[in-house]
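# Descriptive structure summary
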Amino acid sequence: MLAVILLPFAVQTVIMLVNGNVGTGVAVAGAFGLVRFRSAPGNAKDISVIFVAMAVGLACGSGYIALSVLFTVIACAVLYLLVFFHIGADRSGEKELSITIPESLDYTEVFDDIFKEYTTHAELTEVKTASLGSLYKLHYRVRLADDRNEKGFLDALRCRNGNLEVRCGQPHTPVEQL
């Protein structure tokens, strides 16, 4: 969401600065391409801020200091408001849960009662063996009913799995979605 709001503003400024100069346009396109495709994948906010910084740099380099200051003030104000009001933030509350269990536990229904008590949604997404087949690593997508109860949820899972590893965190964003 943040990228959808900030990037058109940055692109409009770059187009206004290039203003028909083919050489500058090609150089700017190459720089933007290098930033996007030659850097480590980041989230949309990081990429948007890099593009805004490049637009400000282009304005300064072209001699439009007042425009670059105005652009910076507007972009920072928009970014601050978006972050302050949590616009575009992930409000689903979905988390990625990994649980290690011994092979003696039947993983199909072993945590159903705990999930029913602490979550509104739980989906088994992956099962993998570890330690020469003596352990299972289960990966779930869960949505907690109450975020304040996360410690109780993890403690209940640890009691059930024999105090083996339990990990709960934000879901990883696939690179294709950036």
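Here's what I pulled together on the structure shown here.

Rules used throughout
Residues numbered from 1 in each chain as written. Predicted model: local features only at pLDDT ≥ 70, side-chain atom pairs only at ≥ 80, totals over all residues. Heavy atoms only, no water. Pairing = 2+ DSSP bridges. Helix = DSSP H or I, 4+ residues; strand = E, 2+ residues; numbered from the N terminus. Axes fitted to C-alpha atoms, helices over the stretch in contact; angles between N-to-C directions. Buried < 20%, exposed > 50% of the residue type's maximum accessible area, 1.4 Å probe, protein only. Parallel < 35°, antiparallel > 145°, perpendicular 65-115°, else oblique. Left-handed = near helix turned anticlockwise from the far one by under 90°. Contact = heavy atoms within 4.5 Å. Nonpolar A, V, L, I, M, F, W, Y, C, P; charged D, E, K, R; others polar. Salt bridge = Lys/Arg side-chain N within 4 Å of Asp/Glu carboxyl O.

With respect to topology, four strands assemble into an open sheet ordered 2-3-1-4, the strand pairing being antiparallel. If you trace the sheet from one side to the other, it starts and ends with strand 2 (119-130) and strand 4 (166-169), each paired once. Averaged over all neighbouring strand pairs, the angle between strand axes comes to 15 degrees, with direction disregarded. Here strand 2 pairs with strand 3 (residues 135-144) via 10 bridges, running antiparallel. Residue pairing for strand 3: T119 is matched across the bridge by L144.

Counting buried positions over the nine residues of strand 1 (residues 94-102) gives eight, a clear majority of the element. As paired elements, strand 1 and strand 4 share four bridges and run antiparallel to each other. Each bridged residue has a counterpart across the sheet, and for L97 the counterpart in strand 4 is C168.

The subject of this paragraph is the packing of helix 1 (residues 2-18) against helix 3 (residues 44-61). Contact geometry for helix 1 and helix 3: axes closest at 9 Å, N-to-C directions at 20 degrees. In this view, helix 1 runs roughly parallel relative to helix 3, as classed from their interaxial angle. Read as a crossing pair, helix 1 and helix 3 show a hand that is left-handed. Residue-level inspection shows L2, A3, L6, L7, A10, V14 and L17 of helix 1 in contact with helix 3, the latter providing A44, K45, S48, F51, V52, A55, L58 and A59. Residue classes in the contact of helix 1 with helix 3 are distributed as 13 nonpolar, one polar and one charged.

Moving on: unusual backbone geometry. Residue S131 is not a glycine yet carries a positive backbone phi of 50 degrees. Here S131 shows up in the loop between strand 2 and strand 3. Phi at N163 is positive, roughly 60 degrees, even though this residue is not glycine. Secondary-structure assignment places N163 in the loop between helix 6 (150-160) and strand 4.

Moving on to the environment of E123. Summarising the element assignment, E123 is placed in strand 2. Spatially, the C-alpha atom of E123 lies 5.2 Å from that of R141, the residues being 18 residues apart in sequence. Those residues in contact with E123, other than ones at most four positions away along the chain, are H139, Y140 and R141.

This part covers the pattern of salt bridges. Tallying each qualifying case throughout the model produces eight salt bridges. Put simply, R160 and D113 hold a salt bridge, and the shortest N to O gap is 3.0 Å. Here R160, found in helix 6, pairs with D113, found in helix 5 (residues 112-118); they are 47 residues apart in sequence, far enough to count as distant. A salt bridge links E165 to K137, with the shortest nitrogen-to-oxygen separation between them at 3.9 Å. Placement of E165 in the loop between helix 6 and strand 4 and of K137 in strand 3 is noted, with a sequence separation of 28 residues between them. Its relative accessible area of 26% is what places K137 among the partly exposed residues. Within the structure, one salt-bridge network assembled from shared partners comprises E94, R141 and R143.

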